[in-house]
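# Notes for the structure review
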Amino acid sequence: MSDLDQLTQSLARNLKRWRGERGFTLDALAARAGVSRGMIIQIEQARTNPSVGTTVKLADALGVSITTLLDYEQGSQVRLVPESQAVRMWSTEAGSWTTLLVGTEARGPIELWSWHLMPGDGSASDPHPEGTVELLHVTAGVLTLIVDGVEHSVPAGTSATFEAHVPHNYRNDGPEPAELTMAVSIPPVRRDGN
C-alpha cells in the first residue's frame, strides 16, 4: 500500500470515527464544515483524496487536529514522529511547502508545523473556529503575515501570535526563502455539537 493509499484509508477511518463520536450526521458535519455531503461520503469510503483546505475544514468542524484525522495509530503517552512520518500538507512548483510535524488532542487539538516559503509564494487560510490561536517563530527570511487584511512584517528571530478566527495569509515578499515553525491551538468541540 502506498503512503497516499494509507493516508486515504486513515482519513476515511478517522473521519467516520470522529463524526460518530461527535454525534454528527452527514448533513450536520457538511453544514458545520462547509463541505458537501457527497464529498464527506467519498472521503469516508476512501474514494477520494480531499484538498488540504477541505481536510482543514473537516478537522475544524470536528474540533480535532489534522494530525488526528490523518494519524495511522494513536498509542502510548509518548509519541515520536520521525521525519519520514511528518505529513507534507502542500507544496508549490516554486518550491514552497508546509509539513505538519506533530499534533495532540490534549485540552483541545494542538498542531506543530514547519513552513518553507519561497520568494513570491504564499498561502491563504480560511478563518478557524472562534478561540483558535496560532503562534509562529520565523527562523529564516522575512514572513509577511496578513491577519484580517492587516499586513505585518515578521523577520527572522521574531515570533508572533494571533487569534485565527479571521482570514489570514502567509506570504514571502522577500528575496530569500522564509522558514518558520508554527503551533496552532484549536478549542475542543463540545459533544452537543456546539
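What you are looking at is a predicted structure, and each value in this text was computed from that prediction instead of being measured. (Residues numbered from 1 in each chain as written. Predicted model: local features only at pLDDT ≥ 70, side-chain atom pairs only at ≥ 80, totals over all residues. Heavy atoms only, no water.)

As a further point, take helix α3 (residues 37–44). Among the residues making up α3, those that are buried are I40, I43 and E44. Summarising the axial view, the buried residues of α3 lie within an arc of 95 degrees, below the 170-degree limit, and thus occupy one face. Packing partners of the buried residues in α3 comprise α1 (3–22), α2 (26–33) and α4 (52–62). Directly after α3, the chain includes A46, whose backbone phi takes a positive value near 55 degrees. (Buried < 20%, exposed > 50% of the residue type's maximum accessible area, 1.4 Å probe, protein only. Helix = DSSP H or I, 4+ residues; strand = E, 2+ residues; numbered from the N terminus. Arc of directions from axis to C-beta. Contact = heavy atoms within 4.5 Å.)

Right, let's talk about the packing of aromatic side chains for a bit. Scanning the model with the defined rule gives two aromatic pairs in all. Between W90 and W115 the ring centres are 5.9 Å apart and the planes differ by 80 degrees, which places this aromatic pair in the edge-to-face class. Separated by 25 residues along the polypeptide, W90 in strand β1 (residues 87–91) and W115 in strand β3 (residues 110–117) bring together distant segments of the chain. By the burial criterion, W90 is buried, and W115 matches it. Ring geometry for W115 against Y170: centres 4.5 Å apart, planes inclined by 50 degrees, an arrangement best described as tilted. (Phe/Tyr/Trp six-rings, centres within 6.5 Å; stacked < 30°, edge-to-face > 60°.)

Right, let's get into α1. Look at α1: 28 Å from first C-alpha to last across 20 residues, which is about the 28 Å you get at 1.5 Å a residue. Buried positions along α1 lie against α2, α3, α4 and α5 (66–70). (Expected span 1.5 Å × (residues − 1).)

The antiparallel open sheet is built from four strands, whose spatial order is β4-β9-β6-β7. Single-partner strands in this sheet number two, and they are β4 (122–125) and β7 (150–155). Taken over all neighbouring pairs, the strand axes of this sheet differ in orientation by 15 degrees on average, direction set aside. The pairing of β4 with strand β9 (residues 168–171) spans four bridges and is classified as antiparallel. Bridge pairing in β9 links S125 to H168. (Pairing = 2+ DSSP bridges. Axes fitted to C-alpha atoms, helices over the stretch in contact; angles between N-to-C directions.)

As a further point, take the packing of α2 against α4. Between α2 and α4, the least distance of the axes is 8 Å, while the angle of their chain directions is 110 degrees. What the angle tells us is that α2 and α4 run roughly perpendicular. α2 and α4 meet at a crossing whose hand is right-handed. Residue-level inspection shows L29, R32 and A33 of α2 in contact with α4, the latter providing K57, L58, A61 and L62. (Parallel < 35°, antiparallel > 145°, perpendicular 65-115°, else oblique. Left-handed = near helix turned anticlockwise from the far one by under 90°.)

Positionally, N14 belongs in helix α1. With relative accessibility at 7%, the residue N14 sits in the buried group.

Moving on to the confidence of the model for the protein chain. Per-residue confidence for the protein chain gives a mean pLDDT of 85, with 88% of residues at or over 70. Mean pLDDT across the elements of the protein chain ranges from a minimum in strand β2 (residues 97–104), with 75, to a maximum in β9, with 96. This stretch, residues 74–78, has a pLDDT under 50; its non-local contacts, to residues over four places away or in other chains, come to two contacts. (pLDDT = per-residue confidence, 0-100.)

Let us now look at the environment of P109. Within the fold, P109 resides in the loop between β2 and β3. For P109 and S65, which are 44 residues apart along the polypeptide, the C-alpha to C-alpha distance reads 5.1 Å.

Moving on, we get to the pattern of salt bridges. In the structure shown here, the tally under the stated rule is five salt bridges. Two residues, R37 and D27, come together in a salt bridge whose shortest N-O distance is 3.1 Å. Pair noted here: R37 is in helix α3 and D27 is in helix α2, with a separation of ten residues, a long-range link. For R37, a relative accessible area of 40% gives the class partly exposed. One salt bridge connects D126 with K57, and the closest N-O pair in it is separated by 4.0 Å. (Salt bridge = Lys/Arg side-chain N within 4 Å of Asp/Glu carboxyl O.)

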